[in-house]
Amino acid sequence: MSTPGTAGANDSTRDTSVSHLPDHIRRAIEITPAAGTSERIIDITTLGRRTGRPRRIEIFFYRAAGTTYLCSGAGGGATDWHANLLANPDFTFHLKNGVRADLPARATPVTDPAERQAVLAEIVADLNQPHDPGTIRPTRLEDWADSRLMRICFRPPS
């Protein structure tokens, strides 16, 4: 994948490194453009913003600019996972297809327009690859402009 700029991102306050993870887990997260849809599906466990109880939600993750993101996809409608992570950014990232792992993580909303544009462009370009004809084909970046987008930082286990 290419590495778009992350203008406005504060690299000193975010650790997007996966280098502390075991090799097999790191490789499962450092997904390539040739990855199929099922390899991108994870669960997250976050606290419900209204109930405060743990809630497990299935979602897609993406890699762009060497960082892991959660993204709502085309359309950008409100999502429970996004609202829950805004209220409670610490969560568990569950790899569940192939390699299985429960990883402590923290979500940060991506609000900088330049970073959003670069990351969404890379996600759309990746999904438009002809490697997996069964995947959804978001052919226009404009359809993704309002997507909910969260940057993921994997924390070492405490």
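These figures come from a predicted structure and were not determined experimentally.

A. Fine view of the sheet that holds strand β3 (residues 67-71). Taken together, 6 strands build a closed barrel; the order of strands is β1-β2-β3-β6-β5-β4 and the barrel is antiparallel. Here the strands of the sheet are splayed against their neighbours by 45° on average, with no regard to which way each runs. Sitting on the sheet, helix α2 (residues 80-87) touches β1 (41-47), β2 (54-64), β3, β4 (90-95), β5 (101-109) and β6 (149-154), and the angle it makes with β2 is about 95°.

B. Structural view of the nonpolar core. The biggest cluster of nonpolar side chains holds 24 residues, and the ones touching the most others in it are L70 and F93. Considering every element that reaches this core, the biggest residue donor is β5, with 4 residues. Counting 12 residues, the second largest nonpolar core, distinct from the first, contains V110, V124, L127 and L149.

C. Inspection of α2 at higher detail. For α2, the complete set of buried residues consists of W81, H82, A83, N84 and L85. Elements in contact with the buried residues of α2: β1, β2, β3, β4, β5 and β6.

D. Inspection of the packing of aromatic side chains at higher detail. This model, assessed by the stated rule, comprises 3 aromatic pairs. Both rings, one in F93 and one in F154, keep their centres 4.9 Å apart while their planes meet at 85°; by these two values the pair is edge-to-face. Taken together, the positions of F93 in strand β4 and F154 in strand β6 put the pair 61 residues apart, joining distant regions of the chain. The structure contains a cluster of three or more aromatic residues connected by ring pairs, namely F61, F93 and F154.

E. Looking closely at the side chain of R63. Within the fold, R63 resides in strand β2. The buried charged residue R63 lacks any salt bridge partner; its closest oppositely charged side chain belongs to E30, at an N-O distance of 4.2 Å. At 3.0 Å, the side chain of R63 forms a polar contact with the backbone oxygen of G66. Only 2.7 Å separates the side chain of R63 from the side chain of T68, close enough to count as a polar contact.

F. Here's a closer look at the pattern of salt bridges. Applying the stated criterion to the full structure yields 10 salt bridges. The salt bridge partner of R106 is D90, with a shortest N-O separation of 2.8 Å. Residue R106 is located in strand β5, and its partner D90 is located in strand β4; the two are separated by 16 residues in the primary sequence. You can call R106 partly exposed: its relative accessible area is 36%. By relative accessible area, which is 39% here, D90 ends up partly exposed. Among the charged side chains, a salt-bridge network with shared partners connects D43, R56, E58 and K96.

G. Expanded view of the side chain of D126. When you line up the elements, D126 lands in helix α3 (residues 113-127). D126 gets classed as buried once you look at its relative accessible area, which sits at 4%. Separated by 3.0 Å, the side chains of D126 and R40 make a polar contact.

About the criteria used
Residues numbered from 1 in each chain as written. Predicted model: local features only at pLDDT ≥ 70, side-chain atom pairs only at ≥ 80, totals over all residues. Heavy atoms only, no water. Pairing = 2+ DSSP bridges. Helix = DSSP H or I, 4+ residues; strand = E, 2+ residues; numbered from the N terminus. Axes fitted to C-alpha atoms, helices over the stretch in contact; angles between N-to-C directions. Contact = heavy atoms within 4.5 Å. Core = buried A, V, L, I, M, F, W, Y, C linked by side-chain atoms within 4.5 Å. Buried < 20%, exposed > 50% of the residue type's maximum accessible area, 1.4 Å probe, protein only. Phe/Tyr/Trp six-rings, centres within 6.5 Å; stacked < 30°, edge-to-face > 60°. Lys, Arg positive; Asp, Glu negative; His and termini not counted. Salt bridge = Lys/Arg side-chain N within 4 Å of Asp/Glu carboxyl O. Polar contact = N/O pair within 3.5 Å; in protein donor to acceptor, adjacent residues only side chain to side chain.

Don't take any of this as a statement about function, it's just geometry.
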